[in-house]
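# Structure assessment
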Amino acid sequence: QVQLVESGGGLVQAGGSLRLSCAASGSIFSINFVHWYRQAPGKERDFVAAITRFGSTTYADSVKGRFTISRDNAKNTVYLQMNSLKPEDTAVYYCNADLFRVGSPGSRSYWGQGTQVTVSS
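Please read all numbers here as calculations on a predicted model, not as lab measurements.

Okay, the pattern of salt bridges next. Counting across every chain of the model gives three salt bridges. A salt bridge links Asp89 to Arg38; its shortest N-O distance comes to 2.9 Å. In this pair, Asp89 is assigned in the loop between strand S8 (77-82) and strand S9 (91-101) and Arg38 in strand S4 (residues 28-39), connecting sequence segments 51 residues apart. Among the residues examined, Asp89 registers a relative accessible area of 0% and is labelled buried. Between Lys64 and Asp61 there is a salt bridge, and its shortest N-O distance comes to 3.2 Å. The structure contains a network of salt bridges with shared partners spanning Arg38, Arg66 and Asp89.

So, in structure tokens, the structure goes:
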């Protein structure tokens, strides 16, 4: 069994920073890529950032230069450092990981439960 748990969300003023964590646990052999998504009330879930197993990163235009995704392979954890936060960054943030389980031939996609980020103006 595999679990993804996000943490680090909260309430912050505009211009502030938060660091989100996405920790994977269970019978994990290796993690391929990890995405962060976010979903604001009444809106679709949008891509925020991604990181491959080799550390290559991709960002949505709306967060480029403000957010940084990184990973600690030893801890099976991915981070999203969010700086210069804006009210429009308010959303529930989800991580999504494509990973190999021990003893399984193929990879599967897993989602975390989400963590709320609220940015006040």
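There is more to say after this.
Here we take up the packing of aromatic side chains. Both the distance between ring centres and the angle between the ring planes are used here to describe each pair of aromatic rings. Tallied over the full model, the rule gives two aromatic pairs. Taken together, a centroid distance of 6.1 Å and an interplanar angle of 80° make the contact between Tyr37 and Phe47 edge-to-face. Residue Tyr37 is located in strand S4, and its partner Phe47 is located in strand S5 (residues 45-51); the two are separated by 10 residues in the primary sequence. For Phe47, a relative accessible area of 29% corresponds to the partly exposed category.

Its place among the elements puts Arg45 in strand S5. Once the C-alpha coordinates of Arg45 and Asp89 are considered, the two residues, 44 residues apart in sequence, prove to be 12 Å apart. If sequence neighbours within four positions are ignored, Arg45 has contacts with Tyr37, Arg38, Gln39, Tyr94 and Trp111. Within the structure, Arg45 has its side chain in polar contact with the side chain of Gln39 (distance 3.4 Å).

Our focus in this paragraph is the nonpolar core. Grouped together as the largest cluster of nonpolar side chains are 31 residues, with contacts concentrated most on Trp36, Val48, Phe67, Ile69, Leu80, Met82 and Tyr93. Among the elements of the structure, strand S1 (2-7), strand S3 (18-26), S4, S5, strand S7 (67-72), S8, S9 and strand S11 (115-120) are those that each provide at least two residues to this core. Here the element with the most residues in this core is S9; it accounts for five residues. When sequence neighbours within four positions are dropped, the list of residues in contact with Leu80 reads Leu18, Arg19, Leu20, Trp36, Val48, Ala49, Phe67, Thr68, Ile69 and Tyr93.

About the thresholds
- Residues numbered from 1 in each chain as written.
- Predicted model: local features only at pLDDT ≥ 70, side-chain atom pairs only at ≥ 80, totals over all residues.
- Heavy atoms only, no water.
- Salt bridge = Lys/Arg side-chain N within 4 Å of Asp/Glu carboxyl O.
- Helix = DSSP H or I, 4+ residues; strand = E, 2+ residues; numbered from the N terminus.
- Buried < 20%, exposed > 50% of the residue type's maximum accessible area, 1.4 Å probe, protein only.
- Phe/Tyr/Trp six-rings, centres within 6.5 Å; stacked < 30°, edge-to-face > 60°.
- Contact = heavy atoms within 4.5 Å.
- Polar contact = N/O pair within 3.5 Å; in protein donor to acceptor, adjacent residues only side chain to side chain.
- Core = buried A, V, L, I, M, F, W, Y, C linked by side-chain atoms within 4.5 Å.

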